[in-house]
Amino acid sequence: MRRIVILISGRGSNMEAIIRAAQDEKWPARIVAVVSNRADASGLHYAAEQGIPAIVVPHKDYATREAFDAALQSRIDEFSPDLLVLAGFMRVLTSRFVAHYAGRMLNIHPSLLPSFVGLATHNQALAAGVTIHGATVHFVTADLDHGPIVAQATVPVLPDDTETTLAARVLEQEHIIYPRVIRAFVEGRVSLIDGIARMTPDNIES
Ligand code: GRF
């Protein structure tokens, strides 16, 4: 069984989709912990209800980013993860932390990277007037929102879209592609060679 630790900062709907898929599809993997930098992250309740250790490492307790990342890393490593999954984890990570989990840390970003890095991606998409938007699952590297892309999902941008309607359409896709990529990773179907990620489909995906 592969061991997965999920990091969240808030609602945790992606985390929930991943936990459900792992159970329903009987992945060769287990979510061994959910860790949040915020005690009020509502996603912690769902994790705890599922019997998954739901841990808080408050970033405010640490004077520097380096000190927080070191504390976070040691808490995570108590669970010996094969894969670290960022699911709405709203902290910029130090290069030291990123290097420690190189090749085994994934993130989901609510845009079609490399377009619209950073925050307020749906507003960025509306302001740019694009007609196609979406989400990207990528390996995390020290270069924020620029790691090797594993999978993307697209949605149309409709003429009367607001940030809310567009975000909801993208989120629905996030809940499909993120579990799909993580499953592929734990089944050994994701490769990362020379900075290029590839995912091979299994028999049930087309
Ligand atoms: C998602 O849109 C994700 O792409 C972004 O933050 C949001 C987190 O939502 N990184 P949730 O906490 O998974 O519901």
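If you're wondering where the values come from, they're calculated on a predicted model, not measured in any experiment. (Residues numbered from 1 in each chain as written. Predicted model: local features only at pLDDT ≥ 70, side-chain atom pairs only at ≥ 80, totals over all residues. Heavy atoms only, no water.)

Novice: What exactly am I supposed to notice about the overall build of the chain here?
Specialist: When its secondary structure is counted, the chain shows six helices and nine strands. In terms of principal-axis extent, the alpha carbons of the chain reach across some 50 × 45 × 40 Å. With 206 residues in all, the chain has 48% of them scored as buried. Just so you have it, the chain exposes about 10,100 Å², and 52% of that area is on carbon and sulfur atoms. Each charge class in the chain can be summarised by its mean position, and for the 18 positive and 22 negative side chains these summaries are 4 Å apart. (Helix = DSSP H or I, 4+ residues; strand = E, 2+ residues; numbered from the N terminus. Buried < 20%, exposed > 50% of the residue type's maximum accessible area, 1.4 Å probe, protein only. Areas by Shrake-Rupley, 256 points an atom, 1.4 Å probe, with all protein chains shown as cover. Lys, Arg positive; Asp, Glu negative; His and termini not counted. Charge placed at Lys NZ, Arg CZ, Asp CG, Glu CD.)

Novice: How should I be thinking about the nonpolar core in this particular structure?
Specialist: Within soluble globular proteins, side chains that are nonpolar tend to cluster in buried spots. Ile 4, Ile 6, Trp 27, Ile 31, Val 34, Tyr 178 and Ile 182 are the most contacted members of the largest nonpolar core, which totals 43 residues. In terms of residue count, helix α6 (residues 163-186) provides more of this core than any other element does, nine residues in total. Those residues in contact with Ile 31 that sit more than four places away from it in its chain are Ile 4, Ile 6, Ile 18, Ile 19, Ala 22 and Ile 52. Within the second largest apolar cluster, 21 residues are counted, among which are Val 5, Phe 97, Tyr 101 and Val 140. (Core = buried A, V, L, I, M, F, W, Y, C linked by side-chain atoms within 4.5 Å. Contact = heavy atoms within 4.5 Å.)

Novice: Sorry if this is basic, but what is going on with the site of the ligand here?
Specialist: Inspection of the region around the ligand gives Arg 11, Gly 12, Ser 13, Asn 14, Gly 88, Ile 108, Pro 110 and Glu 174 as its neighbouring residues. Taking Arg 11, its side chain carries an N or O atom lying 2.5 Å from an oxygen atom of the ligand. Asn 14 has a polar backbone atom sitting 2.9 Å from an oxygen atom of the ligand. For the ligand, the protein covers 85% of the area, taking 370 Å² as the surface of the free molecule. Residue composition of the shell around the ligand, grouped by class: two nonpolar, four polar and two charged. (Near = heavy atom within 4 Å. Polar contact = N/O pair within 3.5 Å; in protein donor to acceptor, adjacent residues only side chain to side chain. Nonpolar A, V, L, I, M, F, W, Y, C, P; charged D, E, K, R; others polar.)

Novice: Help me out: how do you make sense of the pairing of strand β1 (residues 2-8) in this one?
Specialist: Looking along a regular strand, one sees side chains alternate from face to face of the sheet. Most of β1 sits inside the fold, with five of its seven residues counted as buried. Two elements, β1 and strand β2 (residues 29-36), share seven bridges in a ladder whose sense is parallel. Bridged to Ile 6 within β2 is Val 34. Regarding the hand of the β-α-β motif, the stretch spanning β1, helix α1 (residues 13-24) and β2 is right-handed. Across four bridges, β1 lies against strand β4 (residues 83-86) in parallel orientation. Bridging across to β4, Ile 4 finds its partner in Leu 83. (Pairing = 2+ DSSP bridges. Right-handed = clockwise from strand over helix to strand, strands pointing away.)

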